[in-house]
Amino acid sequence: VDPTVFDEKRFGAMLEGLFDEEILNTLIKAKNRPMVLTQMALLELESAFAGLPDTPGEAEAYGELVRIVRGLGLPLGGCERIQGTPLPYVYVAHLRSFLLIVLGAMPIFYACRWRWATIPLSLLVAAGLLGIEAASVECEQPFSPEPSKNHHDV
């Protein structure tokens, strides 16, 4: 599965039961889901407080809730900047080339010292370093529109 391709079915399955069909379709079609959700939250607040009498306590509660919802825009903007700034290709290519050289040269350098243990120890070190590299690839797009491959609960 290509992580850069948006899968509507998987995204819908991830949000199933949280939103009704109309809102879910709006979210699937939205280019900026966090801002759409923020606007929906503001509309829900407005409709929830619309029929209530104007008392100072309710006005204060409404103002505080609106401030909190609007305050979500700052971290969301930061998340969008992180998502929109991938690592430079030269940096990634250099790291992968260096990793390949280290993993290829390690058995040669340690063969005399480790003897027959060179094979399993080299495989162990390679598994660890390649696992770190795979985790970095996953972390490069932390706010992907795709549901996480780790299937975390929402």
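Procedures and definitions
Residues numbered from 1 in each chain as written. Predicted model: local features only at pLDDT ≥ 70, side-chain atom pairs only at ≥ 80, totals over all residues. Heavy atoms only, no water. Helix = DSSP H or I, 4+ residues; strand = E, 2+ residues; numbered from the N terminus. Buried < 20%, exposed > 50% of the residue type's maximum accessible area, 1.4 Å probe, protein only. Contact = heavy atoms within 4.5 Å. Core = buried A, V, L, I, M, F, W, Y, C linked by side-chain atoms within 4.5 Å. Phe/Tyr/Trp six-rings, centres within 6.5 Å; stacked < 30°, edge-to-face > 60°. Axes fitted to C-alpha atoms, helices over the stretch in contact; angles between N-to-C directions. Parallel < 35°, antiparallel > 145°, perpendicular 65-115°, else oblique. Left-handed = near helix turned anticlockwise from the far one by under 90°. Nonpolar A, V, L, I, M, F, W, Y, C, P; charged D, E, K, R; others polar.

Novice: Summarise the overall build of the protein chain; cite the residues concerned and give the values.
Specialist: Along the backbone of the protein chain there are 7 helices and 0 strands. For the protein chain, the α and β elements follow one another from N to C terminus as α-α-α-α-α-α-α. The proportion of buried residues among the 154 residues of the protein chain is 17%. For the protein chain, the proportion of contacts with a sequence separation of at least 24, taken over those separated by at least 6, is 52%.

Novice: Can you break down the nonpolar core residue by residue, with the values?
Specialist: Listed in full, the 5 residues of the largest apolar core are F11, L15, L24, L27 and I28. Examining the composition of this core, we find that 3 residues originate from one element, helix α2 (residues 21–29), more than from any other.

Novice: Which residues make up the packing of aromatic side chains, and what are the values?
Specialist: Centre-to-centre distance and the angle between the planes together describe a pair of aromatic rings. The tally for this structure, following the rule as stated, stands at 2 aromatic pairs. Here Y110 and W114 contribute two aromatic rings whose centre-to-centre distance is 4.4 Å and whose plane-to-plane angle is 10 degrees, an arrangement assigned as stacked. Within this pair, Y110 and its partner W114 are both found in helix α6 (residues 89–114), separated by 4 residues, close to a single helical turn.

Novice: Run through the packing of α6 against helix α7 (residues 118–140), naming residues and quoting values.
Specialist: Here α6 crosses α7 at 165 degrees, and the two axes come no closer than 9 Å. By the angle between their directions, the pair α6 and α7 is classed as roughly antiparallel. Of the two elements, α6 crosses α7, and the hand of that crossing is right-handed. Of α7, the residues touching α6 (which contributes R96, L99, L103, M106, P107, Y110, A111 and W114) are T118, L121, S122, V125, A126, L129, L130, E133 and V137. Here the contact of α6 with α7 is composed, by residue class, of 13 nonpolar, 2 polar and 2 charged.

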